[in-house]
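Residue strings, one per chain:
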Amino acid sequence: MKISWKRKFLQQILHNNINKIAASHWEHRMSEEKGEKIPMLANKETDEVMQPQTNGGGQQRSADVPKKMEEEEEEDADVQDKKPSGRNMYFKSEPRRIDYILAWSTEGKPEKLAHSKEARAVFEENLEKEGLKLERDEKEGAEIHYLKVHAPYEVLTRYAEILKVRMPVKKSMDLDKIQQKYAKLETILIKMEGGGFKRQVVTPMKAVSTRLWDTMTDITKKLFTPFQLDPNVVKPIKRRFNVAYSRDKEYLFDIPEDKDTYFDNATRNRIVNFILRRKPFSREKEKAYSFGINKMIADGHYTDAYPLHEGHWKPGSADNERKLLFDHWANWRNCFKIQPLDHVRGYFGEKIAIYFAWLGFYMLMLIPASIIGLLVFIYGCAISGNSYPANEVCDESKNFTMCPLCDYQCPYWKLSAACSHARASRIFDNNATVFFAIFMSFWGTLFLEFWKRKQAALQFKWDLTDFVTEEQPPRPEFLAKLEHITTYKEHPITGIKEPHLPFWRRRFPIYLMSWTAMLFLAFLAIVAVVGVIAYRISTLAALQVLTRDTPVTNSTFIASTAELVYQNASLVTTVTAACINLLIIVILNFIYNRLAFWLTDMECLRTQKEYDDSITLKLFSLQFVNYYSSIIYIAFVKGRMVGRPGKYATLFGGRQEECEAGGCLIELCIQLAIIMTGKQLIVNNIVEILIPKIIKWIKRRIWPETQEQKMSKSPWEKDYKLQPAETTSLFYEYLEMVLQFGFLTLFVAAFPLGPLFALINNILEIRFDAVKFTTELRRPMAERIPDIGVWYSVLYGISRIAVISNAFIIALTSDFIPRLVYTMAYSPDGSLEGYVDHTLAVFNTSDFEEAKRPVFEGSEIVETCRYRDFRNPPDSDDPYEYSQMYWHVLAARFAFVVVFENVIVVITGLIAWLIPDVPAKLKLHIRREAYMSNEIIIKTELMRAQGEQVGEADIERIIQDENQRYRSNELGSMELVHRRSASPPNDKEKDNIV
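- The name recorded for the protein chain in an unreviewed UniProt entry is Anoctamin, from Crassostrea virginica.
- Under the UniProt heading Sequence similarities (unreviewed entry), the entry covering the protein chain gives this text: "Belongs to the anoctamin family."

### What to know about the overall build of the protein chain
Here comes step 1: A count of helical and extended segments in the protein chain gives 34 helices and 20 strands.
Here comes step 2: Within the protein chain, the fraction of its 994 residues that count as buried is 49%.
Here comes step 3: Contacts spanning at least 24 positions in sequence make up 76% of the contacts within the protein chain whose residues lie at least 6 apart.
Here comes step 4: Split by element, the accessible area of the protein chain, about 49,700 Å² in all, is 59% carbon and sulfur.

### Notes on the nonpolar core
Here comes step 1: Counting 135 residues, the largest nonpolar core has Trp-358, Tyr-362, Leu-668 and Ile-788 as its most contacted members.
Here comes step 2: With residues up to four places along the chain from it excluded, the contact list for Tyr-362 reads Trp-443, Phe-447, Met-737, Gln-740, Phe-741, Leu-744 and Asn-762.
Here comes step 3: Ranked by size, the runner-up nonpolar core spans 39 residues in total, among them Leu-102, Leu-132, Leu-156 and Tyr-251.

### Here's the deal with the environment of Ala-432
Here comes step 1: Inspection of the secondary structure puts Ala-432 in helix 16 (residues 431-461).
Here comes step 2: Exposure remark for Ala-432: the relative accessible area of 14% places this residue in the buried category.
Here comes step 3: For the pair Ala-432 and Phe-377, spaced 55 residues apart in the sequence, the C-alpha separation amounts to 8.7 Å.
Here comes step 4: With residues up to four places along the chain from it excluded, the contact list for Ala-432 reads Val-376 and Tyr-379.

### Details of the side chain of Glu-765
Here comes step 1: With respect to the secondary-structure elements, Glu-765 resides in helix 27 (residues 754-776).
Here comes step 2: Nearest to the buried, unbridged Glu-765 among oppositely charged side chains is Lys-772, at 6.4 Å.

### Considerations on the confidence of the model for the protein chain
Detailed reading of predicted coordinates is not advised where the pLDDT is low.
Here comes step 1: Per-residue confidence for the protein chain gives a mean pLDDT of 77, with 75% of residues at or over 70.
Here comes step 2: Segment residues 967-976 is flagged for pLDDT under 50; beyond a separation of four residues in sequence, or across chains, it makes 28 contacts in the model.

### Examining the packing of aromatic side chains
Here comes step 1: If you walk through the whole model with that rule in mind, you get 49 aromatic pairs.
Here comes step 2: The interplanar angle of 75° and the centroid separation of 6.1 Å between the aromatic rings of Trp-104 and Tyr-302 together place this pair among those described as edge-to-face. Linking Trp-104 in strand 1 (residues 100-105) with Tyr-302 in the loop between helix 10 (293-299) and strand 8 (304-306), this pair joins segments that are 198 residues apart in sequence. For the residue pair Trp-104 and Tyr-302, the accessibility class agrees, reading buried in each case.
Here comes step 3: With a centroid separation of 4.9 Å and an interplanar angle of 65°, the aromatic rings of Phe-843 and Phe-848 are classed as edge-to-face.
Here comes step 4: Residue Phe-848 is classed as buried on the basis of its relative accessible area, which comes to 8%.
Here comes step 5: Between Arg-778 and the ring centre of Tyr-306, over which it is positioned, the NZ or CZ distance is 5.2 Å.

### What about the environment of Ala-418?
Here comes step 1: Tracing the backbone through its elements, the reader meets Ala-418 in the loop between strand 10 (413-414) and helix 15 (419-428).
Here comes step 2: By relative accessible area, Ala-418 is classed as buried at 11%.
Here comes step 3: It is 9.9 Å that separates the C-alpha atoms of Ala-418 and Leu-571, two residues lying 153 residues apart in sequence.
Here comes step 4: Setting aside chain neighbours within four positions, we find Ala-418 in contact with Val-393, Trp-413 and Ala-661.

### Some thoughts on helix 23 (residues 665-702)
Here comes step 1: For helix 23, with 38 residues, the first-to-last C-alpha span of 51 Å sits near the 56 Å given by 1.5 Å per residue.
Here comes step 2: The largest bend in helix 23 comes to about 45°, at Ile-686.

### Observations concerning the state of the cysteines
Here comes step 1: All chains considered together, the criterion is met by two disulfides.
Here comes step 2: Here Cys-394 engages in a disulfide with Cys-419; their sulfurs sit 1.9 Å apart. The disulfide joining Cys-394 to Cys-419 has a torsion of about 95° about its S-S bond and is therefore right-handed. Placement of Cys-394 in helix 14 (residues 388-394) and of Cys-419 in helix 15 is noted, with a sequence separation of 25 residues between them.

### Remarks on the sheet that holds strand 8
Here comes step 1: Taken together, four strands build an open sheet; the order of strands is 2-3-1-8 and the sheet is antiparallel. Looking at the sheet topology across the chains shown, the edges are occupied by strand 2 (133-137) and strand 8. Taking the axes of each pair of neighbouring strands and ignoring which way they run, one obtains an average angle of 20° across the sheet.
Here comes step 2: Direction of pairing for strand 1 relative to strand 3 (residues 144-150): antiparallel, over a ladder of six bridges. Its bridge partner lying in strand 3, Trp-104 is registered against His-145.
Here comes step 3: Sheet strands touched by helix 5 (residues 110-130): strand 1, strand 2 and strand 3. Its angle to strand 2, the strand with the most contacts, is close to 150°.

Thresholds, definitions, all that
Residues numbered from 1 in each chain as written. Predicted model: local features only at pLDDT ≥ 70, side-chain atom pairs only at ≥ 80, totals over all residues. Heavy atoms only, no water. UniProt positions renumbered as here; feature names shortened; annotations may be inferred. Helix = DSSP H or I, 4+ residues; strand = E, 2+ residues; numbered from the N terminus. Buried < 20%, exposed > 50% of the residue type's maximum accessible area, 1.4 Å probe, protein only. Contact = heavy atoms within 4.5 Å. Areas by Shrake-Rupley, 256 points an atom, 1.4 Å probe, with all protein chains shown as cover. Core = buried A, V, L, I, M, F, W, Y, C linked by side-chain atoms within 4.5 Å. Lys, Arg positive; Asp, Glu negative; His and termini not counted. Salt bridge = Lys/Arg side-chain N within 4 Å of Asp/Glu carboxyl O. pLDDT = per-residue confidence, 0-100. Phe/Tyr/Trp six-rings, centres within 6.5 Å; stacked < 30°, edge-to-face > 60°. Lys NZ or Arg CZ within 6 Å of the ring centre and 35° of its normal. Expected span 1.5 Å × (residues − 1). Bend = angle between axes of the 7 residues up to and from the residue. Disulfide = S-S within 2.5 Å. Pairing = 2+ DSSP bridges. Axes fitted to C-alpha atoms, helices over the stretch in contact; angles between N-to-C directions.

If you want it as structure tokens, here you go:
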């Protein structure tokens, strides 16, 4: 009966998620067997949630291993997942948590297997010398064997000090309590005439800008309240006061009695990975570079190394951090909820959390851009049916006969046939487009500046402010490629002799070949664009002659279809050409990815950072050309140098493309819509989601597993079946978003709906990526990085180029400047009435060359035709030369570009200068925390040097002393009080305080 009561008591403690358990499971079990009394455990409730060491079942677990670990070890992981205790993540022989799994294959050539076994033996021997605990899982007849790795507390503390891991200090030193003590200083002490002091509450006077900012912040918080996750389900993780860990100053840290629970899983995995990457696996001194788990995987000694997922994500599984992330982050019902970034960081590490934080912030900043873009689109739709230019195009009474679109075969045509094209073009080509381009230029700057502030806040919250990049070892591929090199050079940092390639004799030819291939690949994309141009020209000409060549028939359907195709020939050509271009882009992307990695491998780059930077530059450059070349052609080249009827400019014997009656802007809009939405919303999601599911389904059909095989799998075997979390996983995600940012900023003047489509895509993208990381990939090693790296520089460069790009789109591609010049200088009443007639030049059909004259019935009666250009009529003194309006428009266009570019650059630069990278409050917070930690350490070390014992009461007294060094002045501002100042009351004066 007594033992039963104790068990119920322990179960109640576990159910309440106690953060500390005083004794291990084995001590409890021994106590129960001996009939000893189990000590009562204090339940210290707190409003904040620390990231405890969990066992994947969502319950706090130190050495409280399941009752019968041998039985649980033999159970299937799926069965364990559904138990309240969750998945077993401990050694079979001892209560040691599994921090890492190393896997190797038992199949291969005998010589290779023997060599790998010897290398693994040396490596594992060195791991044990380092203090790590190992346990093998070698099932008879299994293809893959596993090695379980555990890091004891002594190893964790040693490397935590080396890596300067910041750990939470004792509760008495927590910033929340320090802030409460500071809050007392809102009352000031005023000396009375008769002696003594009295307290007077002073309300701090805030600046108007501060009050306005605080009001806006409160309103924003209230607006986003419906999008917050339920804090009772996903408990917010408050930041603790952290300092760099030191074994000599353990009295500062909040270390529980069960020390194995002090370091969270991400920190444990990172420390173990740090050790694995540095231990040699060869006893030969001449192979000093034969070290590290990455090199062993590259050499085939191990097949993979990974930390374990904490339980399963499927419904019915025991509560665990992975399931919590799937239910409240990756699940589609939470697609409009704010991401639990602190939980993402605690499970996957800072590198992945920074990516999702950036993506979430980017999506948030797209909301105002989407709203403004949608309003601009609605405004364009409203005016498209009531604009003079569109009405003149659609007015059949004007009887504008246009010149043929191709030589010899194409007929003359009526401008009214382009009515729908002209009205559609007016939706995107209006005065609001200029405003939207200016707005998006400011938006790009604000996005980058506010992201720096957001990033600074995350760096402080996640202890990345003092992040120092560790010296990276050579890449295993680098060492493998240079294994037979006889030239060695001592590395200036590590002092290890490494294979060396002379620059001019070995590296320069490789670089030259690599970048020559890059230029060829870029030229290949340009050739593809030329091919699409040829398709457009030929298809448009074929559709134009369709009516003439259509045989006379009584079929109404054939006649109506031919007429419909003829009237929408330009739209059909543009849409089909854009789809073909999208297909070419997808194919070239596949080629570029393979060749870019092959070229980078040929360069033999030493570190992973050098490799990542090189592949980033190559792939971004190639994809920039691949995605944007056709758009740049339509925006800046098409219709600029076509010549005139009777004297057209030719390329390879054919006429160049002309802009349609409504201008090239509508074609640019269609191209952007198809490439941007088609590539991101359709192609990317098919590649990322649909294809892996199809492959998984095919594998299950080809290699079905029996129920017995499924039930015999351990957690590490199930995780091994998942896709590996490669280092390039986030690279493609960043690349996709940066290319999208380029679409939005470089060409936004032509496609105001771009931000809205990007917002929809990114809402899906976050969930797709979250599902991928929680369900489809092995758990990645929790890497620490302070920012988004080189991608910020790429985004900044794009935002600067976007200013110039949008200026030229408005000036050259749209009709904004010609309309402005016409209304200001040529219109009799300042309106756009008569604008279309003014922009159509006249050509005398008798001036056609005989070989290029249209030949079909009725063509001989057409005396003059019109074409889009500013040229003199045939009966002027300078026939067909550029008119005066052409030069006025040209001057206005370049003046607009210069003014637009300089004004936007100056204003955006001023905005960037006015917005500090780090918020002022955060700067003070960082400085205060650094100062407090230094002062407390100095004083406690002094007390220890004098032989005194330092307890929590002493630390509390030191903190109180430091707090008294600050006081509020009459305006409520904090000011420093000197250590020996008479301002604070002494003990006698304290009695006189009213």
